[in-house]
Each structure stands twice: as C-alpha cells, then as structure tokens.
Amino acid sequence: MRVLIVGGGGREHALAWKFKHDDPETEVIAAPGNPGIAELGECVSISATDLESLARLATDRSVDLTVVGPEAPLAAGIVDRFRADGLAIFGPTRAAAEIETSKAFAKRLMLEDGIPTARAEVHTNVASARACAHRLGAPVVIKASGLAAGKGVIVCQTLDEADRAIDDILAGNRFGDAGAEVLVEEFMTGEELSVFALTDGQSFLLLPGLQDHKRLHDKDMGPNTGGMGAYVPVTLASTDHSVSGAADPSDSLYVAIAEQVIHPTLRGLARRGRPFTGLLYAGLMLTADGPKVVEFNCRFGDPETQALMPVLDLKPSLLELMRLAASDRGFAGPVVTGLIRSAAPVGVGPDGFDAHVSLSGACVTTVLAAENYPDKPRTGDPIDLPPIADDGVVVFHAGTARDSEHRLVTAGGRVLAVSAVAPDIETAQQHSLAFARRIHFPGCQLRTDIAWREIARRGR
Ligand code: AMP
Ligand code: GLY
C-alpha cells in the first residue's frame, strides 16, 4: 500500500514508523515530512495546507490512502477537496472538524445532546461574558472558540483574571478571528485522560487512553506547551479489549466513555449532516461524577501518538482500519453485514466486524524542546543525536531540519521525542530519560518526570 502522510511533526513520524513497523512493504510518502520520516520514506516539500498541490501529488503518485496528521489542513477542507477527486483520505470533512475548530460548536452539540461536559456559555460581548464568569465564580475557565495553537485556554483562579482574559480575547483581539466568541466555562477537577476513537462515522474503536504533560517544567509547573511528554498505559482503566459484534462489557470506564461520550457525539455529528470519519480525540476530565469532555480534537494527539504507536497492537492493523474507515462502506466493507449495533462497550462495530486492541508494554515519551519554547523558539542549533543502541528506544523527529551541509539542526519548538518501551512504566521512564539526556543541542529543555502520576498511583 502506498500512503501519503500529510504533516511533518513527531506525530506524523510516529504514524510513518507504525505503518512501516506493521508492514515493511508499505510505501510512505510525506508532505512536507521531516528528516526522521525521510529515513522511512520519501519527503516531498509541499506545505500541509497547500491542498491543490497535495491532491495533485496523491493523483500523480497513485497514492492508495492519504492520512492527515495536523488540524490545519482538516480545517482548510483537505478531506472535502480529496473526495471531490475520488481520492481516499482518512480524516473528517471541514464541517465535521468543527468539533475541534469551533469550541462554541462543540459545546453547543454537547449541551444539546446531553454529552457530559463542563457547564459553559458562549459570548461575543464583554459585559455578558463577564457577568457569566461572575455567576459561575472562580476558578473559571475562559476559552477562545477558534484554533489558537493550544494557547486559547486560560484557567483563571480569580474573577479579576477572568475579566482580563475576556477583555484580551474579545476586545483586545488577542487570538484574532479565533477569539470572536469566548466560552466561559465551569472549572472541573480530576485526572485528565486522552482517548482516541477510530471511526468510519458510525462504528468506532477506542484505543487505550493516555496522559500527556502540558506544562513546561517538572511537577506540572511553568507555562502550558503543546505537550512535553506522554505515557501509556494509564491504569485508571484496563487497556486490553476486543470489540466485535458481540463484545462483553469489561471495563466500566471505557464503557462509559464509549456510551456517554463517543457514541452520542458521532450520532450528534451525523444527525447534523456532518458525519465524522477519522480519529476523534476526546480530552476528558475524570471527575467525581464520571468522565466529562474538556475538548475534542479532530486528529491524533501530539505527543500522545509518539507514546502510543510503539506499543499499540491492533488487529486489523492501524493502516488497514484507516483504509476501511475511509472507504465507502466503512468497517462493514470486508464483510457484508446487517445492522450496526446501536451501543456496545469500547466500540461499536457491525456484526461480523472483529477488531482487537491491546498494548505490548508500557511506553514513556520525553520531548526535547528548543531554547525559549513555548515562546519564539531559537532554531538552527546543531543537534548531536547518538546512534540508538537500545531496542526499546525510538526517537521521533518534530522540529528538525538538515542544513546546507546535511547536518541535523533544530527547526521548531518541539525538536525530538524519545519514546522508550519496557515491561513496566518505571523502566520505560528511566530509559526514555537516559537516552534523552544523551542528545545534545544548545538550550535543550526537557522534563525528567514524565509519567510521574502513574508512578505515584502505582506506589500507593
Ligand atoms: P484544551 O486546550 O481545551 O485542552 O485546554 C487546555 C487545558 O486546560 C486542559 O488540558 C485542562 O488542563 C485545562 N482545562 C480546560 N478546560 C478546563 C475546565 N473546564 N476545567 C479545568 N481545567 C480545564
Ligand atoms: N497533546 C494535546 C494535543 O495533541 O492536542
């Protein structure tokens, strides 16, 4: 199978690695890709949002399936554009991607359809937004509705902070058009869990949940980032499950997530004429009242994907599931089936559809970020990347490039991610950190405590 991966970050490198790992015959083309992906396939210098050039590339190279990594091309309508040419592509249409690109749309859908989430109101006017924040009381969360590169969420400890955040977003135009609407949202407490659902729009399969570490410094201190590390498994819930036409409920948390969150969200999107095909990412807060949605994303998480791919066992393979999801008949394709089951644990599949998901170990991913990240990162620094001697370690490239002399240099905020697989999470953390510390570039920033929550839980 020839697959085109759109994007050039660590998540896309991890997907390319997984496709090649599962089937070395898979041909990978990436646009624009990065120096790590270039070791697995061909990188073509086309931007991830240049839809016309990407569609031409897929046609000219007879690509069997295109897989989209980042949200920007999905928000720009890459799936609609490819489908117009009859090209197979894994990802949601522009209208379905609004579940991520418009927090106002996502919140309305959840509130209308009874999907558990924080209480919130959408406002376009400073006075009414402030009044709402004062009604809810501090702490309160203020969010720009549109895409804001992960920076549009402000958790406010006081009402003064909330007033300032509202002013900044609505009146100060801090996020441009993305801040034309704000959400004023109740503050929730609990463990966070990222859960991915692979879906053809009706049926879906839940992948094992992960936790990422958004703050720059150890012990979850410092500014928010795109993610400084991630790990799996999260033993709030077991992670081995099968789904078939007749799956057994085996894990109550996953059952609750499937039944209360994923299934009604997919149904709600379909009912609104926006069926969602691709990867639906639910960012959840596990509150005392059960799982509640913090946000949805319309694509794989980054860096969660770098932690999940090295240990994810899927049957059929990930690429095969993606191909089926993107095909006209979805997961029902290979076996002509009757009704899609209306509800089932950990996934909903047509009769005769049999999928299995499990983990082959624990994985911890430590991100190495450039100096001055998450503000304007410094780039162009030479990277000293030693050869990998340990079988369980994979290094994924994100913000790297080759200079005119073919040396590896920094080229973005998050530079590399070191994923280490081991039978247990403690060993995975040690191996990930030990190898990360052997990589050098000026100003490198990394956390030394990825997975600390899991390790603390297991110590209790
Ligand atoms: P988001 O970009 O929506 O994922 O939000 C970024 C982070 O802000 C989340 O991972 C949470 O840690 C926090 N957050 C967002 N919404 C809430 C909320 N309603 N209550 C508490 N924390 C929140
Ligand atoms: N790691 C969070 C995200 O991908 O949005």
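Figured I'd write up the structure that's included with this text. For clarity, every value in this text was computed on a predicted model and none was experimentally measured. (Residues numbered from 1 in each chain as written. Chains lettered and ligands numbered in written order. Predicted model: local features only at pLDDT ≥ 70, side-chain atom pairs only at ≥ 80, totals over all residues. Heavy atoms only, no water.)

Bringing the site of ligand 1 into the picture now. Ligand 1 sits among 14 residues. The nearest are Glu-185, Glu-186, Met-188, Glu-192 and Glu-295. At 2.7 Å from a nitrogen atom of ligand 1 is found a side-chain nitrogen or oxygen belonging to Glu-185. A distance of 2.5 Å separates an oxygen atom of ligand 1 from a polar side-chain atom of Glu-192. The protein chains hide 89% of the 480 Å² of surface that ligand 1 would expose on its own. When contributions to the shell around ligand 1 are tallied by element, the ones reaching two or more residues are β7 (140-144), β9 (182-186) and β18 (290-297). Considered class by class, the residues forming the shell around ligand 1 number seven nonpolar, no polar and seven charged. (Near = heavy atom within 4 Å. Polar contact = N/O pair within 3.5 Å; in protein donor to acceptor, adjacent residues only side chain to side chain. Areas by Shrake-Rupley, 256 points an atom, 1.4 Å probe, with all protein chains shown as cover. Helix = DSSP H or I, 4+ residues; strand = E, 2+ residues; numbered from the N terminus. Nonpolar A, V, L, I, M, F, W, Y, C, P; charged D, E, K, R; others polar.)

Bringing the side chain of Thr-287 into the picture now. Mapped onto the elements of the fold, Thr-287 is located in strand β17 (residues 278-287). Within the structure, the side chain of Thr-287 is placed 3.0 Å from the backbone nitrogen of Asp-289, a separation counted as a polar contact. Within the structure, Thr-287 has its side chain in polar contact with the backbone oxygen of Gly-290 (distance 2.7 Å). Contacts of Thr-287, omitting those with residues within four sequence positions, involve Met-188, Thr-189 and Lys-292. (Contact = heavy atoms within 4.5 Å.)

This part covers the site of ligand 2. Near ligand 2 you find Asp-212, Gly-226, Tyr-281, Asn-297, Arg-299, Gly-301, Asp-302, Pro-303 and Glu-304, and these make up its full shell. A distance of 3.5 Å separates an oxygen atom of ligand 2 from a polar side-chain atom of Asn-297. Between ligand 2 and Glu-304 there is a distance of 2.8 Å, counted from a nitrogen atom to a side-chain nitrogen or oxygen. Its free accessible area being 200 Å², ligand 2 has 89% of it covered by the protein chains. In terms of residue class, the shell around ligand 2 is built from two nonpolar, three polar and four charged.

Moving on to the packing of helix α7 (residues 126-136) against helix α8 (residues 159-171). The geometry of α7 relative to α8 is characterised by a closest axis approach of 10 Å and an angle of 155° between their N-to-C directions. Taken together, the axes of α7 and α8 are roughly antiparallel relative to one another. Crossing of α7 against α8: the hand is right-handed. Where α7 approaches α8, its residues Val-126, Ala-129, Arg-130, Ala-133 and His-134 are matched on the opposing element by Leu-159, Ala-162, Asp-163, Ile-166, Asp-167, Leu-170 and Ala-171. (Axes fitted to C-alpha atoms, helices over the stretch in contact; angles between N-to-C directions. Parallel < 35°, antiparallel > 145°, perpendicular 65-115°, else oblique. Left-handed = near helix turned anticlockwise from the far one by under 90°.)

What follows is about the packing of aromatic side chains. The description of an aromatic ring pair uses the distance of the two centres, along with the angle that the planes make with each other. Tallying each qualifying case throughout the model produces three aromatic pairs. Each ring, one from Trp-17 and one from Phe-396, has its centre 6.2 Å from the other, and the planes form 85°; the classification is edge-to-face. Of the two residues, Trp-17 is situated in helix α1 (residues 10-22) and Phe-396 in strand β23 (residues 393-397); the sequence distance between them amounts to 379 residues. Note on Phe-196 and Phe-300: the rings are 5.6 Å apart at their centroids and 85° apart in plane angle, and the pair reads as edge-to-face. In this pair, Phe-196 is assigned in strand β10 (residues 191-199) and Phe-300 in the loop between β18 and α10 (304-308), connecting sequence segments 104 residues apart. Each member of the aromatic cluster is reached from another via a ring pair, and the members are Phe-196, Tyr-281 and Phe-300. The lysine or arginine in question, Arg-274, covers the ring of Phe-105, its NZ or CZ lying 4.2 Å from the ring centre. (Phe/Tyr/Trp six-rings, centres within 6.5 Å; stacked < 30°, edge-to-face > 60°. Lys NZ or Arg CZ within 6 Å of the ring centre and 35° of its normal.)

A few words now on the pairing of β17. Of all the 10 residues making up β17, 10 are buried; the element is thus mostly covered by neighbouring parts of the structure. In the sheet, β10 pairs with β17 via nine bridges, with the strands oriented antiparallel. Bridging across to β17, Glu-191 finds its partner in Leu-286. As paired strands, β17 and β18 are joined by seven bridges and run antiparallel to one another. Across the sheet, the residue bridging to Tyr-281 is Asn-297, located in β18. Connecting β17 to the antiparallel partner β18 that follows it, the hairpin turn spans two residues. (Buried < 20%, exposed > 50% of the residue type's maximum accessible area, 1.4 Å probe, protein only. Pairing = 2+ DSSP bridges.)

What follows deals with the pattern of salt bridges. Between side chains of opposite charge, a pair can form as their charged atoms come close. The final tally for this structure, using the stated rule, is 35 salt bridges. Salt-bridge contacts for Arg-108 lead to Glu-181; the nearest nitrogen and oxygen are separated by 3.4 Å. With Arg-108 in helix α6 (residues 103-113) and Glu-181 in the loop between α8 and β9, this residue pair connects regions lying 73 residues apart in the sequence. We classify Glu-181 as partly exposed; its relative accessible area is 24%. The network of salt bridges with shared partners includes Glu-191, Asp-218, Asp-220, Arg-447, Asp-449, Arg-453, Glu-454, Arg-457 and Arg-458. (Salt bridge = Lys/Arg side-chain N within 4 Å of Asp/Glu carboxyl O.)

Moving on to the environment of Val-364. Summarising the element assignment, Val-364 is placed in strand β22 (residues 362-369). The buried category is assigned to Val-364, whose relative accessible area is 0%. On a C-alpha basis, the gap between Val-364 and Thr-427 in space is 9.1 Å, while along the polypeptide they are 63 residues apart. When residues no more than four places from it in sequence are discounted, the contact partners of Val-364 are Ala-230, Tyr-231, Val-418, Ser-419, Ala-420, Ile-425, Ala-428, Gln-429, Ser-432, Ile-450 and Ala-451.

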